[in-house]
Each structure stands twice: as structure tokens, then as C-alpha cells.
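# Inside the fold
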Amino acid sequence: MESRNTQLAVGFFVIIGVLALLFLGLQAANTSVVTNGETYKLYAKFDNIGGLKERSPVKVGGVVVGRVSKISLSGDYYEPLVEMTISQEYSEFSDTTSVSILTSGILGEQYIGLNPGFIDDTVEMLKDGDQIYDTKSALVLEDLIGQFLFSQGKD
Amino acid sequence: MLDRVAALGRTTLNTIAGAGAAFFMLMRALVGKPTLRKSWPLLMQQMYSVGVLSLVIIVVSGLFIGMVLGLQGYTILVDFGAEQSLGPMVALSLLRELGPVVTALLFAGRAGSALTAEIGLMKATEQLSSLEMMGVDPLRRVISPRFWAGFYSMPILALVFSAVGIYGGYLVGVRWLGVDDGAFWSVMQSNVEWGQDIVNGIIKSLVFAFVVTWIALYKGYSCTPTSVGISRATTSTVVTASLAVLGLDFVLTALMFG
């Protein structure tokens, strides 16, 4: 009989462990990981990526559609090339789409904002491995201050 | 001078021999035909004494550590107007570091020392020799179920620790200090990731479970069979296991998050 009680206690112990795992998995972690299913890759060149990091989100109007998967320098002029992994769910971006590096809040993380372009008969859709040419670099605070001071000086 | 060198050599040889003996003890205890029917009740018994009985200390310390994290984090974050970040701060520090590490330290103190003392006393009272006389392998009968019990119990305990700790942080942060309820959880969810944080935490606690249980069992198995020897072995278990956990934690953190 004592052995049965022991087994009961161990059973409850394991159940508590599973419940803790469920709590952590469902309540504490993000379960809707966008880039877990089918994905495709897009590329974009910037002059300056600021504080963008690998795994930074890619958003359309604030909705996460993918993540930055790789940042490297490319070409003869060493321009930053950003590889974005986008969920296959959002595969209908036209090649007039533009990308910019934005900041959430004043001190927040930087992320990539995709602005879907217009669609008509003459534009093609972006495919896996395509590059987006219409890019806007990150705002660097020092440059802004420099421009501000420069423009003040002219008056 | 030469005596010193000889002493150094002796210490080195003893350390290496000890590591080798510990390795062979573990191998002999684990490798071999599994006898599930016989070993299942033994495993249950050990899971009970190692895991279930450690639950109280884990839950209580997890709750308090989570509450302290919530309180300390709030007082600092509120200066920057970033008290919404309290959720991820509490959750990440628990899942990545404090959950596995503090559980392993508590486990070494609570269960590891008990394992060492139990096996040491078995050796001192020649129960292990008696088992061998009866044709029962003490490694399979005594060491193996205790090892697996520790190995399975500690990750469960670490998960419980983290979950309770996050709830403690929620109690202090949201219920007492008035951080917004929705922001607490949603910012936490956007920052905590299943693979990066939770799975890595579980891997950490599996490694710690392996090391702590192994050290505890070996120290008991190899102790000098006297009352002094047992007390030394018990102390040595807690010290060695704690140091090993903290050292390994740095290595694992560097590998996982570096």
C-alpha cells in the first residue's frame, strides 16, 4: 500500500512538472512564432542599419511577418545586406515594396518596416531570393543632431 | 622541494584516479540489460525521496526569489518609465539562469547530501558488501535508481521553480505595485522564446542534474566508511556539486547565449 502512495505522489510530481512546462510554454513564451512554418527570403541593401540585429522583427504596419535572419556586408563598397525570412503566408509583395529601418519608441528596439507597394499589370511579385531596392536607412541620432546644428548655423 | 613536487604529483594522480573511478562507477551502474520490472519500484521510491520531498523547498524559494526579482526590478525600471519590461526581466532571469542554477544548488543541499550520507552509511554498515555477498550488484540495485531519479527529478523541479517564480514576480509586480496586467504578460510573451529560453533552460538543468547526482553518488560510494568519513563526504558533495554547477553554468551560458 505504501508503494501505491509513493507512486501516486510521484505521479502528481510529474503532473506538476508538466503543468509548469505548459504554463511556461503557453503563458510566458510567444507561441505564435511567425518564422516556424514555410518561409521565403528577401534581401535589402541599406547605407546604414543602425542597431538592427539578427532576429529583429520584420513588420508590416506593426504586424510581425518575419525576422531578420542574416546581416552581412556585400559588394565592392561593403554595403550592409540584410536577409529577411518572411512567412510564406505573406508571399504577395510587389517589387514596388519599400523597406525602412524603424525604431519602436524612443529607446526601443529597431525593426524593419515593409511598406507594400502598388500592384498593377506592369509590376511583378517578389519571389524567394529577390532584392528590394527601395530602402531607407536607419536614423542615426548623431547624424540628425549634426544636420540640425548645420542648419542652425546657416541662419 | 622534491617533497612538494611529489605531493603535487600524488594529488594529481588521486584526482585523475577519482575521476576514472567515478566514470567507471557510473558506467557500470547504467550500462547493462535494463530490468524494468524490478527497477521500476526502486525508481519510484527514489523519485519520491529525491524529487517529491524536494518540492516544498523548491516552491517556497522559487516564490520568494520571483517576488524579490519583481520588487528589485520594479524599483530600477520605474526610474526609466520601463516598468512594462518587468515581465520579461523576471521571466528571462528565471528561465535562463536562476531556475536551473538555484534548483541545482538547492538540490545539491537537500537531496545530494542525503544521497551521499545514505550510501556512505550503507557502506559503513557493510550493507553494500552484504548485497554483493548475496549476488546482487549494488551498483545496479542502489546507485542506478538513485541516479535516474535525480536525473529525471531536477528538470521537473527547475520547471516548477521557474513557473512559481514568474507567478511570484506577477504577484509583486502586478498585484502589489500596479504594473499593467496585460502589458506584464504580453511584453513577456514577445520577449521569451520557446527554443532559445525554455528549452535551453531545460538542457541546463539536465546537465546540472547529471553532474550533481553523479557527484553525490560517487562521494557516498567512495567515502571512508567511518563517521568522520561520511561527514566529510557529505560536506564535499555540497561544495563540489555547487562549484561544478556554477562553473558549468558559465560554460553553458557562453555556449547558448554568448
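Residues numbered from 1 in each chain as written. Chains lettered and ligands numbered in written order. Predicted model: local features only at pLDDT ≥ 70, side-chain atom pairs only at ≥ 80, totals over all residues.

## Concerning the packing of helix α6 (residues 138-176) of chain B against helix α8 (residues 194-221) of chain B
Residues and elements named next belong to chain B. Packing of α6 against α8 leaves a shortest axis separation of 8 Å and a crossing angle of 145°. As α6 runs across α8, the sense of the crossing is right-handed. Residues I143, R146, F147, G150, F151, M154, P155, A158 and S162 of α6 form the contact with α8, whose own contacting residues are G201, I202, S205, L206, F208, A209, F210, V212, T213, W214, L217 and Y221. The class makeup of the residues in the contact of α6 with α8 is 15 nonpolar, five polar and one charged. (Axes fitted to C-alpha atoms, helices over the stretch in contact; angles between N-to-C directions. Helix = DSSP H or I, 4+ residues; strand = E, 2+ residues; numbered from the N terminus. Left-handed = near helix turned anticlockwise from the far one by under 90°. Contact = placed C-beta atoms within 7 Å. Nonpolar A, V, L, I, M, F, W, Y, C, P; charged D, E, K, R; others polar.)

## Points about the domain arrangement of chain A
Splitting chain A by domain gives domain 1 (1-31) and domain 2 (34-146). The C-alpha-based centres of domain 1 of chain A and domain 2 of chain A are spaced at 43 Å. (Domains from an automatic or database assignment.)

## Some details on the environment of V164 of chain B
Residues and elements named next belong to chain B. Mapped onto the fold, V164 is located in helix α6. Considering only alpha carbons, one finds V164 and A104, 60 residues apart in sequence, at a separation of 16 Å. Ignoring anything within four residues of it in the chain, the contact list for V164 reads V59, G62, L63 and G66.

## Section: the confidence of the model for chain B
Averaged over all residues, the pLDDT of chain B equals 89, while 98% of them reach at least 70. As scored by the predictor, the complex reaches a pTM of 0.75 and an ipTM of 0.78. (pLDDT = per-residue confidence, 0-100.)

## Remarks on the interface of chain A and chain B
Listed by partner, the interface residues are 18 residues for chain A and 25 residues for chain B. Its residues assigned to classes, the side of chain A that touches chain B comprises 11 nonpolar, seven polar and no charged.

## Concerning the nonpolar core
In terms of nonpolar packing, the biggest core is built from 70 residues, with A91, V160, V212 and L217 of chain B touching the most fellow members. When residues of this core are assigned to their parent elements, the largest contribution, 18 residues, is made by α6 of chain B. Dropping the residues within four chain positions of it, A91 of chain B is found in contact with A28 of chain A together with I166, M188 and V192 of chain B. In this structure, V65, F93, I132 and A138 of chain A belong to the second largest nonpolar core, which totals 20 residues. (Core = buried A, V, L, I, M, F, W, Y, C linked by C-beta atoms within 7 Å. Buried ≥ 20, exposed ≤ 12 C-beta atoms within 10 Å, placed from the backbone.)

## Considerations on unusual backbone geometry
Notably, Y78 of chain A is not glycine yet its phi reads approximately 50°, a positive angle. By the secondary structure assignment, Y78 of chain A is in the loop between β3 (63-74) and β4 (79-87). Not every positive phi belongs to a glycine, and E126 of chain B is a case in point at roughly 60°. For E126 of chain B, the position within the fold is in the loop between α4 (86-124) and α5 (127-133). Of the residues examined, E126 of chain B has 12 C-beta atoms within 10 Å and is grouped as exposed.

## Topic: the packing of α4 of chain B against α6 of chain B
Geometrically, a packed helix pair is captured by the angle between its two axes and the distance between the axes. All names here are of chain B. Packing of α4 against α6 leaves a shortest axis separation of 7 Å and a crossing angle of 145°. The hand of the α4/α6 crossing is right-handed. Among the residues forming the contact of α4 with α6, the class breakdown is 20 nonpolar, seven polar and one charged.

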